[in-house]
Protein chains: 2
Amino acid sequence: MVTKQFKGSPADADLRRADSLAREIFSDVANKWALLIIEALGERTLRFSELRDEVEGVSHKMLTQNLRMLERNGLVERKVHPTVPPRVEYTLTEPGRALRETVDTMCDWTHRYLGHIEASRRRFGA
Amino acid sequence: MVTKQFKGSPADADLRRADSLAREIFSDVANKWALLIIEALGERTLRFSELRDEVEGVSHKMLTQNLRMLERNGLVERKVHPTVPPRVEYTLTEPGRALRETVDTMCDWTHRYLGHIEASRRRFGA
DNA sequence: CAGGATCCTTGAGGATACTG
DNA sequence: CAGTATCCTCAAGGATCCTG
């Protein structure tokens, strides 16, 4: 297995690295909560508590966790107002907004095919 | 809580039902493996074993499980050839292909912002 | 070959309490 | 209010074995 690293050109290695990174990012982002958070943010700026109310069913922990992940990947910007009590606001960055558009499309898809899917489920139910 | 069902018109109830269904479908579909399977299928027809090779890292169990789910929702068609050994082929249906387009967009997004994200991660690393 | 069934482990994720 | 830390539970998911 170790010998594998000697196969292929350096360019190949770069491609593999980019691929594995892309894969990692995809895995980060392709999850229910992350996508729902992005969708909820939209063009708005929301506080932590507003976001928790907006994203129905999300737990305190999941919200924090996903927000950190999204921040780390540069999809949301986190702005802390040093007041008391603290006020923390989240906004989509440009990459975040770009991703949001594809999420929108996915939501549209869901609604467009609601009927198909419901019917299919009934058929399958047998 | 039970009294809740008396509030709102029947039309409201329909909307809520559709929403919860949409939400459920979204949760089904917005997961790593489902999206990777859809992406792997693309325009092709693949056998179970081909799919397992194609979707890197997926386990036997996850593959079966997600394929069943996708079939149930009518996103993939499952065709069994009654030969021995059996031959089972999976193909995206029309709704499946429609969803695939948004997945494609998501993949494009991933690659377009690879740099941004990598940079953001380094910054965040602190 | 496709895929169900079973067992087993790990970690996702909830609830709660505590801090700045 | 926002966030971290801790504990605890249950289910996601892997490995393995078995069948048509």
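Residues numbered from 1 in each chain as written. Chains lettered and ligands numbered in written order. Predicted model: local features only at pLDDT ≥ 70, side-chain atom pairs only at ≥ 80, totals over all residues. Heavy atoms only, no water.

Identification of chain A as Helix-turn-helix domain-containing protein from Streptomyces prasinosporus is taken from an unreviewed UniProt entry.

1. Examining the overall build of chain A
Secondary structure summary: chain A contains six helices and three strands in total. Ordered by position from N to C terminus, the α and β elements of chain A give α-α-β-α-α-β-β-α-α. Rg of the C-alpha trace for chain A: 19 Å, well past the compact-globule value of 14 Å for 126 residues, more than 25% over. In chain A, the proportion of contacts linking residues at least 24 apart, taken out of those at least 6 apart, comes to 49%. Within the structure as shown, chain A displays about 7400 Å² of accessible surface, and the carbon and sulfur contribution to it stands at 53%. (Helix = DSSP H or I, 4+ residues; strand = E, 2+ residues; numbered from the N terminus. Rg over C-alpha atoms; globule rule 2.2 N^0.38 Å. Contact = heavy atoms within 4.5 Å. Areas by Shrake-Rupley, 256 points an atom, 1.4 Å probe, with all protein chains shown as cover.)

2. Notes on the UniProt feature "domain: HTH hxlR-type" (unreviewed entry) in chain A
Under the UniProt annotation, the feature "domain: HTH hxlR-type" (unreviewed entry) is placed at residues 18-118 of chain A. Taken end to end, residues 18-118 of chain A comprises 65% helix and 15% strand; its first and last C-alpha atoms sit 39 Å apart. (UniProt positions renumbered as here; feature names shortened; annotations may be inferred.)

3. Remarks on the protein's contact with DNA strand C
As a matter of local geometry, DNA strand C sits amid 15 residues, with A:S59, A:K61, B:S49, B:H60 and B:R78 nearest to it. Considering the 4 Å shell around the protein, atoms of DNA strand C inside it are sugar or phosphate in 64% of instances. In this structure, a base nitrogen belonging to DNA strand C sits 3.0 Å away from a side-chain N or O atom of B:H60. Residue assignment for the surface near DNA strand C shows that the elements contributing at least two residues are helix 4 (60-72) of chain A together with helix 3 (48-54), helix 4 (60-72) and strand 3 (87-92) of chain B. For the surface near DNA strand C, a count of residues per class yields seven nonpolar, four polar and four charged. (Near = heavy atom within 4 Å. Polar contact = N/O pair within 3.5 Å; in protein donor to acceptor, adjacent residues only side chain to side chain. Nonpolar A, V, L, I, M, F, W, Y, C, P; charged D, E, K, R; others polar.)

4. Some points on the sheet that holds strand 1 (residues 45-47) of chain B
All names here are of chain B. Strands sit in the order 1-3-2 across an open sheet of three strands; the sheet is antiparallel. Strand pairing shows two members of the sheet lacking a second neighbour, strand 1 and strand 2 (76-81), which therefore form its edges. Here the average twist between neighbouring strands, direction ignored, is 25 degrees. Two strands pair when backbone bridges link them, and strand 2 and strand 3 are joined in this way by six bridges, in the antiparallel orientation. The partner of E77 across the bridge, within strand 3, is T91. Sitting on the sheet, helix 4 is in contact with strand 2 and strand 3, with an inclination near 110 degrees to strand 2. (Pairing = 2+ DSSP bridges. Axes fitted to C-alpha atoms, helices over the stretch in contact; angles between N-to-C directions.)

5. Some words on the packing of aromatic side chains
Residues and elements named next belong to chain A. A full pass over the atoms with the stated rule returns two aromatic pairs over all chains. Here the aromatic rings of W109 and Y113 are separated by 5.8 Å at their centres, their planes lie at 40 degrees, and the arrangement is tilted. Taken as a pair, W109 and Y113 share a single burial class, namely buried. We note K32 situated over the ring of W33; from NZ or CZ to the ring centre the distance is 4.7 Å. (Phe/Tyr/Trp six-rings, centres within 6.5 Å; stacked < 30°, edge-to-face > 60°. Buried < 20%, exposed > 50% of the residue type's maximum accessible area, 1.4 Å probe, protein only. Lys NZ or Arg CZ within 6 Å of the ring centre and 35° of its normal.)

6. With respect to the protein's contact with DNA strand D
Taken together, 15 residues surround DNA strand D, and among them A:S49, A:R78, A:Y90, B:S59 and B:K61 come closest. Of everything in DNA strand D that lies within 4 Å of the protein, sugar and phosphate atoms constitute 62%. One of the side-chain N or O atoms of A:R47 is found 3.0 Å from a sugar or linking oxygen in DNA strand D. Within the side chain of A:R68, an N or O atom sits 3.3 Å from a phosphate oxygen of DNA strand D. The set of elements that each furnish at least two residues to the surface near DNA strand D consists of helix 3 (48-54), helix 4 and strand 3 (87-92) of chain A together with helix 4 of chain B. Broken down by element, the residue count for the surface near DNA strand D peaks at three residues, all from helix 4 of chain A.

7. Some remarks on the state of the cysteines
Two cysteines form a disulfide when their sulfur atoms are joined by a covalent bond. Across all of its chains, the model carries zero disulfides over all chains by this definition. Left unpaired, B:C107 is separated from the closest cysteine sulfur, that of A:C107, by 17 Å. (Disulfide = S-S within 2.5 Å.)

8. Considering the environment of B:E39
Tracing the backbone shows B:E39 in helix 2 (residues 32-41). Spatially, the C-alpha atom of B:E39 lies 31 Å from that of B:R123, the residues being 84 residues apart in sequence.

9. Structural notes on the interface of chain B and chain A
Taken together, the 45 residues of chain B in the interface contact 45 residues of chain A. Surface buried jointly by chain B and chain A totals about 4200 Å² across both partners, of which 68% is contributed by carbon and sulfur atoms. Of all residues in chain B, the largest losses of buried area upon contact with chain A belong to B:F26, B:W109 and B:R121, amounting jointly to 18% of the total for that side. Inspection of the chain B/chain A interface yields four salt bridges. Here A:E24 makes a salt bridge to B:R121, at a shortest N to O gap of 2.8 Å. Our count for the contact surface shared by chain B and chain A stands at 20 residue pairs in polar contact (both at pLDDT 80 or more). Elements that contribute at least two residues to the side of chain B that touches chain A include exactly helix 1 (10-29), helix 2, helix 4, helix 5 (94-112) and helix 6 (114-124) of chain B. Residue composition of the side of chain B that touches chain A, grouped by class: 22 nonpolar, 10 polar and 13 charged. (Buried area = accessible area lost by both parts, 1.4 Å probe. Salt bridge = Lys/Arg side-chain N within 4 Å of Asp/Glu carboxyl O.)

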